[in-house]
Structures are given as structure tokens and as C-alpha cells.
Amino acid sequence: MTSAVVTARGLSKSYGSSFALRQLDLEVEPGEILGYLGPNGAGKTTTIRLLLGLLRPTTGAATIFGLDCWRDRVAIKRRVGYLPGDVRLYEPLSGRRHLELAEALRGGPGRWRELVERLELDLDKRVKSYSKGMRQKLGLVLALMHDPELLILDEPTSALDPLVQEAVYRLLAERREQGATIFFSSHVLSEVQKLCDRVAILRQGMLLHLASVEEVRKLDLRRVTAEVDRPEPCAAALAELGLEVEREGATLRFTARSFDLVVKRLAAFEVRSLSVEPLSLEEVFFELYRGERAAVAAVPVDGLPSEPPSSQPLLPERPR
């Protein structure tokens, strides 16, 4: 029996022949912060809605605390704090009234006063006069106020200014220290690097990469700039290694992982200058995500149409 807080096995959601999520296998361990990454349309919000029982899966299943996310969704919600990507609130009510009602519905006092102070939230205005950032703050307080065992946050720092973002990062780090597990959907790589233990990268509804933040950093991707005497044949030689080479006059630019092979190819040419720089975490992410270099494999799903596999290999491979 798994000890994971969140488990997904073959989790898929389709609308006709269109897949929003496809064959997701994922576990989130107790006390970890998992960064769930991908641009808009990658399937992040669909995953969250399936986990919360807001959508019924087409195939596969998911559990939270060992409970089925669809059948046991009411019991699960009592133990989860959720911030949607688009916070919906009661426009005529003040922020204070929202929190008082949430407290009454939960049947006990919530720890919202401290959170309001730390996020500098004005509770006395009606929500209809709130800015997008104020709405986001109120949504965060509503998600955190009952000290949930699991936090599921969809783009939690969107619309927040940098100072408030830092306050949110501190709050989440404290919650993790207190034993909470956090499922954190984002497309902001800098905050993932600050907060997360592992990252799951989603592309077109499929899990592209799953690794610790440190493992992603250690993929050893490097940006190479070389000035050579015969740029055209040199670019062709590098392309044989599967590299995408940008050429500007005698200067070639490309990203490589197996640098020993690159050096051997370059040795056949006169290299006038050579610059090699490691990629940042954000640059590694985009190298992994670039559509022309990442294949979405066709995974058969019973009763659902499959897509043809791409002929392009996934570069680089997952770390072993």
C-alpha cells in the first residue's frame, strides 16, 4: 500500500477525440512540494480538477489520502486547501464576511487573522471593488486558513507583486515544515526553484519529465557558441548529432549535452573562438519543452483514439 498523499494511475481526460490529460502516472509524497509545470493548455488545471473530483476521469484513477478522488470527493475536500487559477468570490460581500462564512461552514475557528496581516489584505471593502491581486490574496487566505494537510494551488502567485510573492513563498515553506504536502501548479520557473523538491513537466496533456529540482539542474545542458573557418560543413557535422544549430556568418550557436562528441566534431575544423556556458533552470525547462525536440509518444488508451508518435527523439533523456 502506497504512503503517497496523491496518487494518479493512468489518469486521462478526453473530450471526444481531444485529450486534456493522457495516461498520467504520478505520486506526491508526504511533506513534499511538487511543482507541476507547463504553459497554459498543458493539462495542469485539468489534473487539479480531476484530483478534486470536479471532473470525472475518462480512464484511470486518482487517490488522495488513499481515498478515491471521484467517489470520496466530499471527504477529501475537508482535508484539502484549494486555490483555483481563477478565483470566484461573492461580489457583494466584504473580504471579512467571506472568511467569517468559511469559518462557520467549517464548524470551528480558522487561523485567518494572522494570514490577513501577513498578506496585507483589506477585509472591509466589498469584493466587487477588489483588484485581481486582492482577490488572489483572499483566495490564498481561504485555502490556508484551516491548516489543511494538502494544499492544491493553481498559479498561486499570479497577479501578486514581488513583495507579496515572497510572503506567499515563506507561508508555503512554513506549511511544509509543519508537515503539509503541497501540489503547486505554476509556469514561473524562479518560484519553482525556490520552493519545490521535485518538478513534473507537462506537455500537451502528457508527463514529459519528472525529477528533483537538483536533477533538472544537473542535466548538464550547455550553450555553445563557436566561430569556425567552414561554418556550413561544420553545422552539417553537428546536425548529424541531432543538434539544432543556428548559424550567423561564421558563428554557430547550439545547445548540447554530450559535449565530448561535440568537441570531436569541432576538432575537424579550425575553431577561432569557443564559448561554453551552463543553462539556467528556466533555460533547461524550455529546452526540454521545445515542441520540435520533444516527442509526445502515442500511448494506447482502452476505448480512446491514439495519436501517431513523432519521429523526433526526446532530447535529452531522463536522468537514470
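Model, not experiment: these values are computed from the prediction. (Residues numbered from 1 in each chain as written. Predicted model: local features only at pLDDT ≥ 70, side-chain atom pairs only at ≥ 80, totals over all residues. Heavy atoms only, no water.)

Enquirer: Break down the side chain of threonine 181 for me, with residues and values.
Expert: Mapped onto the fold, threonine 181 is located in strand S8 (residues 181-186). In this structure the side chain of threonine 181 is engaged in a polar contact, spanning 2.8 Å, whose partner is the backbone nitrogen of glycine 31. Ignoring sequence-local partners within four residues, the contact set of threonine 181 consists of Val5, Val28, Glu29, Pro30, Gly31, Glu32, Glu149, Leu150 and Leu151. (Helix = DSSP H or I, 4+ residues; strand = E, 2+ residues; numbered from the N terminus. Polar contact = N/O pair within 3.5 Å; in protein donor to acceptor, adjacent residues only side chain to side chain. Contact = heavy atoms within 4.5 Å.)

Enquirer: Break down the pairing of strand S2 (residues 18-28) for me, with residues and values.
Expert: The pairing of strand S1 (residues 6-15) with S2 spans seven bridges and is classified as antiparallel. Note that in S2 the partner of serine 14 across the bridge is phenylalanine 19. The antiparallel hairpin formed by S1 and S2 contains two residues in its connecting segment, where glycine 16 sits at a positive phi of about 65°. (Pairing = 2+ DSSP bridges.)

Enquirer: How would you sum up the sheet that holds strand S12 (residues 246-248)? Please name residues and give values.
Expert: Ordered by their spatial adjacency, four strands build an open sheet running S12-S13-S11-S14, and the pairing between neighbours is antiparallel. The two strands at the open ends of the sheet, each matched to only one other strand, are S12 and strand S14 (271-278). The sheet shows a mean angle of 15° between the axes of neighbouring strands, taken without regard to direction. One ladder, built from three bridges, connects S12 with strand S13 (residues 251-256); its direction is antiparallel. Bridge pairing in S13 links arginine 247 to leucine 252. Sitting on the sheet, helix H9 (residues 231-239) touches strand S11 (222-228), S12 and S13, and the angle it makes with S13 is about 10°. (Axes fitted to C-alpha atoms, helices over the stretch in contact; angles between N-to-C directions.)

Enquirer: Now, about the sheet that holds strand S4 (residues 59-64): what can you tell me, with residues and values included?
Expert: The antiparallel open sheet is built from four strands, whose spatial order is S2-S1-S4-S5. Sheet topology places S2 and strand S5 (67-68) at the edges, where each strand pairs with a single neighbour. Pairing of S4 with S5, which is carried by two bridges, proceeds in the antiparallel orientation. Paired with threonine 63 across the strands is aspartate 68, a residue of S5. With respect to the sheet, helix H1 (residues 44-51) is in contact with S1, S2 and S4, its orientation differing from that of S2 by roughly 65°.

Enquirer: So what's going on with a nonpolar patch on the surface? Residues and values would help.
Expert: On the surface, Val271, Leu274 and Val276 cluster together into a nonpolar patch covering about 200 Å² of accessible area. Note on placement: valine 276 falls in strand S14. Judged by its relative accessible area of 32%, valine 276 is partly exposed. (Patch = residues over 30% accessible without salt bridge, like charges linked within 9 Å, V, L, I, M, F, W, Y side chains within 5 Å. Areas by Shrake-Rupley, 256 points an atom, 1.4 Å probe, with all protein chains shown as cover. Salt bridge = Lys/Arg side-chain N within 4 Å of Asp/Glu carboxyl O. Buried < 20%, exposed > 50% of the residue type's maximum accessible area, 1.4 Å probe, protein only.)

Enquirer: I'd love a proper account of the nonpolar core, names of residues and values included.
Expert: Among the nonpolar cores identified, the biggest contains 47 residues, and Leu99, Leu119, Leu121, Val141, Leu172 and Phe184 are the most heavily contacted of them. The residues contacting leucine 121, other than those within four sequence positions of it, are Val116, Tyr130, Met134, Lys137, Leu138 and Val141. Counting residues in each nonpolar core, the second largest holds 27 residues, with Leu11, Leu21, Leu34 and Phe183 among its members. (Core = buried A, V, L, I, M, F, W, Y, C linked by side-chain atoms within 4.5 Å.)

Enquirer: Can you tell me about the pattern of salt bridges, naming the residues and giving the values?
Expert: Inspection of every chain in the model, using the stated rule, returns 22 salt bridges. Linking glutamate 149 and arginine 79 is a salt bridge whose minimum nitrogen-to-oxygen distance equals 2.9 Å. Of this pair, glutamate 149 sits in the loop between helix H5 (132-144) and strand S7 (150-154) while arginine 79 sits in the loop between helix H2 (73-77) and strand S6 (80-83), and the two are 70 residues apart along the sequence. Overall, the relative accessible area of 37% leaves glutamate 149 in the partly exposed class.

Enquirer: Any chance you could break down helix H4 (residues 112-119) for me, citing the residues and the numbers?
Expert: Among all positions in H4, only Trp112, Leu115, Val116 and Leu119 are buried. Buried residues of H4 fall within an arc of 100° about the axis and therefore sit on the same side. Turned more than 90 degrees away from the buried face of H4 sit Arg113 and Glu117, all of them exposed. Residues of H4 that are buried in the fold lie against helix H3 (95-106), H5 and helix H6 (162-177). Downstream of H4 by one or two residues, glutamate 120 has phi in the positive range, about 55°. (Arc of directions from axis to C-beta.)

Enquirer: Explain the side chain of serine 212 to me, using residue names and the numbers behind them.
Expert: In this fold, serine 212 is placed in strand S10 (residues 206-212). Sequence-distant contacts of serine 212, that is, excluding residues within four places in its chain, are made with Asp197 and Arg198.

Enquirer: A description of the packing of H9 against helix H10 (residues 259-266) should follow, citing residues and the corresponding values.
Expert: At their nearest, the axes of H9 and H10 sit 10 Å apart, and the two run at 150° to each other. When the interaxial angle is binned, H9 and H10 end up roughly antiparallel. In the crossing of H9 with H10, the sense of the turn from one axis to the other is right-handed. The segment H9 lies against H10, with Cys234, Ala237 and Leu238 engaging Val262, Arg265 and Leu266. Residue composition of the contact of H9 with H10, by class: five nonpolar, no polar and one charged. (Parallel < 35°, antiparallel > 145°, perpendicular 65-115°, else oblique. Left-handed = near helix turned anticlockwise from the far one by under 90°. Nonpolar A, V, L, I, M, F, W, Y, C, P; charged D, E, K, R; others polar.)

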